[in-house]
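# Summary of structural features
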Amino acid sequence: MRLLAVETSCDDSAAAVLDSQGNVLSEIIATQTEHHTHGGVVPEIASRLHMSVLPGLIREVLEKSSTSLKNIDVFAATAGPGLTGSLLVGLSWAKAAAYARNKPFLGINHLAAHIHIHFNSDVEFPAVALLVSGGHTMLFFMKSWRECVLLGTTRDDAAGEAFDKTAKLMGLGYPGGRIIDNISVNGDPDSVVLPLPLGNKKIPEFSFSGLKTAVRLKWETNLITKEDLAASFQKTVCKILVSKTLYQAHKLQAKSILVAGGVSANSRLRAEFKTECAKRGLSLFVPEKKHSMDNAVMVGRAALSALQANPKANSGLRCNTFPRWHGELLFPLSQL
Ligand code: KG4
Ligand code: ZN
């Protein structure tokens, strides 16, 4: 069985060919650097770039896995949440290909996809999953891959958004997460005391906009180096994310912790989870760095999860994009 997955929800065009076990036969991630000078993703530029890049990228990913379109058994693409114009490019391509070849098409929930990057790992349930990306900060309780309940989310900015906005106000550039991560290596994380908004670990909700403002006020004093402030900010965000996740894992007697989304590439976050999970005997699942960010492998694995639940699963041609996701249950298909 061969599955072709496509991801175009934001500013990465990605495609992957997977086998029935979720093994990667080939994958490509093309990141749109054109947005960097604008300090954020420009939706119209993003969708136009997806349009020009995607056909060649799919041709290449098929060639790399020595597969042709006629050998693809299932097509999958992200249906939402994301930028509508961007989502439409990948979704329309995959739906058209599935229609032309008379094969099933699965429209995938991007949030479920991030967590499903771990689908082919030996995850022991129950588990607590932390999804931290540019648009989302969410804690889930998972009894299984398909019984996944939202415990809490952010009341304002997402964790990645906080990294990006903080880097921007300090004049460090975009995207901010990786820049803050890199310069923090040369800073003292204990040098600046910052508030811990919604810091009570028992509350499974998050708030980061106040933290960003606190950083701005410190930065405007001109008394602190960018390395020290970045390291202190990063330490504060990690403390909030790790303490809340561990508390829920303890409370719900989880055996595993799953971390996913762009911010899971953060070196301090990875190191803290590693230390704390080892202390508590919890199994930890963190993606390879390239799979922390948006990619098509996660979309393919979410599609495999949907097929495992229902081998006849098919979103069909009526499957449309959805810009936002509301709800408590996280099932891979886009029909929620
Ligand atoms: O999951 P993702 O690629 O796209 C969304 O679905 O949003 O996440 C992108 C986010 C950006 O906000 C970026 O700054 C953040 O992930 N990010 C990081 C790091 N690498 C990327 N944040 C902290 N540390 C990093 N090393
Ligand atoms: Zn994402």
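So, here is what we can say about the structure in this document.

Conventions adopted
- Within every chain, residues take consecutive numbers counted from 1 along the sequence as written.
- Throughout, the order in which chains and ligands are written sets their labels, letters from A for the former and numbers from 1 for the latter.
- The predicted origin of the model limits local features to residues at a pLDDT of at least 70 and limits the giving and counting of side-chain atom pairs to 80 or more, whereas totals for whole chains, interfaces and linings rest on all residues.
- Note that water and hydrogens are dropped before the side-chain values are worked out from all heavy atoms of the structure.
- The cutoff for a nearby residue is simple: one of its non-hydrogen atoms must lie within 4 Å of the molecule or strand.
- Note on areas: Shrake-Rupley, 1.4 Å probe, and residue coverage restricted to the protein chains presented here.
- Helix and strand definitions follow DSSP, with helices as H or I runs of at least four residues and strands as E runs of at least two, each counted in order from the N terminus.
- By the convention adopted, Pro, Cys, Tyr, Trp, Phe, Met, Ile, Leu, Val and Ala count as nonpolar, Lys, Arg, Asp and Glu as charged, and the other residues, Gly among them, as polar.
- Any two strands with at least two DSSP bridges between them are considered paired.
- Lines fitted to C-alpha atoms define the axes, with helix axes restricted to the stretch in contact, and inter-axis angles between N-to-C directions lie between 0 and 180 degrees.
- A contact between two residues is defined here by any heavy atoms of the two lying within 4.5 Å.
- In this listing, donors mean N, O and S atoms no farther than 2.8 Å from the metal, or 3.2 Å for Na, K and Ca; water is missing from the atoms, so a site can look incomplete.
- Buried means the residue's accessible area, taken with a 1.4 Å probe over protein chains only, is under 20% of the maximum for its type, while exposed means over 50%, and partly exposed covers the values in between.
- Pairing of aromatic rings covers Phe, Tyr and Trp, the last counted by its six-membered ring, and requires centre-to-centre distances within 6.5 Å; plane angles under 30 degrees mean stacked, over 60 mean edge-to-face, and any other angle means tilted.
- Sitting over a ring, as applied to charges here, requires NZ of Lys or CZ of Arg to be within 6 Å of the ring centre and within 35 degrees of the ring normal.

Further remarks concern the site of ligand 1. Near ligand 1, the surroundings consist of 19 residues, among which Gly-134, Asp-164, Asp-181, Gly-262 and Asn-266 are the closest. In the complex, 90% of the free accessible area of ligand 1, which totals 560 Å², lies under the protein chains. Listing elements by their share of the shell around ligand 1, those giving two or more residues are helix H3 (110-116), helix H4 (159-169) and helix H5 (176-184). Per-class residue counts for the shell around ligand 1 are four nonpolar, 11 polar and four charged.

Quick look at the sheet that holds strand E2 (residues 12-19) now. Spatial strand order, E3-E2-E1-E4-E5: five strands in an open sheet with mixed pairing. This sheet does not close on itself; its edge strands, each paired only once, are strand E3 (24-31) and strand E5 (105-109). If you compare each strand with its neighbour and ignore which way they point, the axes differ by 15° on average. Where E2 meets E3, seven bridges bridge the pair, whose relative direction is antiparallel. Paired with Asp-12 across the bridge in E3 is Thr-31. The strands touched by helix H2 (residues 84-101) are strand E1 (2-7), strand E4 (74-80) and E5; relative to E4, the strand with the most contacts, the crossing angle is about 155°.

Quick look at the coordination of the zinc ion (ligand 2) now. Donor atoms from the polypeptide that coordinate the zinc ion (ligand 2) comprise His-110 (NE2), His-114 (NE2) and Asp-294 (OD), at 2.0 to 2.2 Å from the metal. Considered as a linear motif, the donors of the zinc ion (ligand 2) on their single chain read H-x3-H-x179-D. With His-114 in helix H3 and Asp-294 in the loop between helix H9 (289-292) and helix H10 (297-309), this residue pair connects regions lying 180 residues apart in the sequence. The burial state of His-114 is the same as that of Asp-294; both residues are buried.

We now examine the packing of aromatic side chains. With the rule as written, the count across this model stands at six aromatic pairs. Note on Phe-125 and Trp-145: the rings are 5.5 Å apart at their centroids and 85° apart in plane angle, and the pair reads as edge-to-face. On the criterion of sequence distance, the pair formed by Phe-125 in the loop between H3 and strand E6 (127-132) and Trp-145 in the loop between strand E7 (137-142) and strand E8 (148-153) is long-range, its members being 20 residues apart. Plain terms: the ring middles of Phe-140 and Trp-325 are 6.4 Å apart, the flat faces sit at 50° to each other, and that makes the pair tilted. Residue Phe-140 is located in strand E7, and its partner Trp-325 is located in the segment after H10; the two are separated by 185 residues in the primary sequence. Per residue, the accessibility class of Phe-140 equals that of Trp-325, and both read buried. By the ring-pair criterion, three or more aromatic residues cluster together here, those being Phe-119, Phe-125 and Trp-145. Directly above the aromatic system of Phe-206 lies the positively charged group of Lys-244, at a separation of 5.5 Å from the ring centroid.

Two modes of strand pairing occur in sheets, parallel and antiparallel, and in both the strands are linked by backbone hydrogen bonds. Pairing within the open sheet is mixed, and its five strands lie in the order E8-E7-E6-E9-E10. The sheet terminates laterally at E8 and strand E10 (283-285), the two strands that pair on one side only. Taken over all neighbouring pairs, the strand axes of this sheet differ in orientation by 20° on average, direction set aside. Pairing between E7 and E8: five bridges, direction antiparallel. By the bridge assignment, Phe-141 is partnered in E8 with Val-149. Taken strand by strand, helix H7 (residues 226-251) contacts E6, E7, E8 and strand E9 (256-260), and its axis lies near 160° from that of E6.

None of the figures reported here should be taken as evidence of function without further support.
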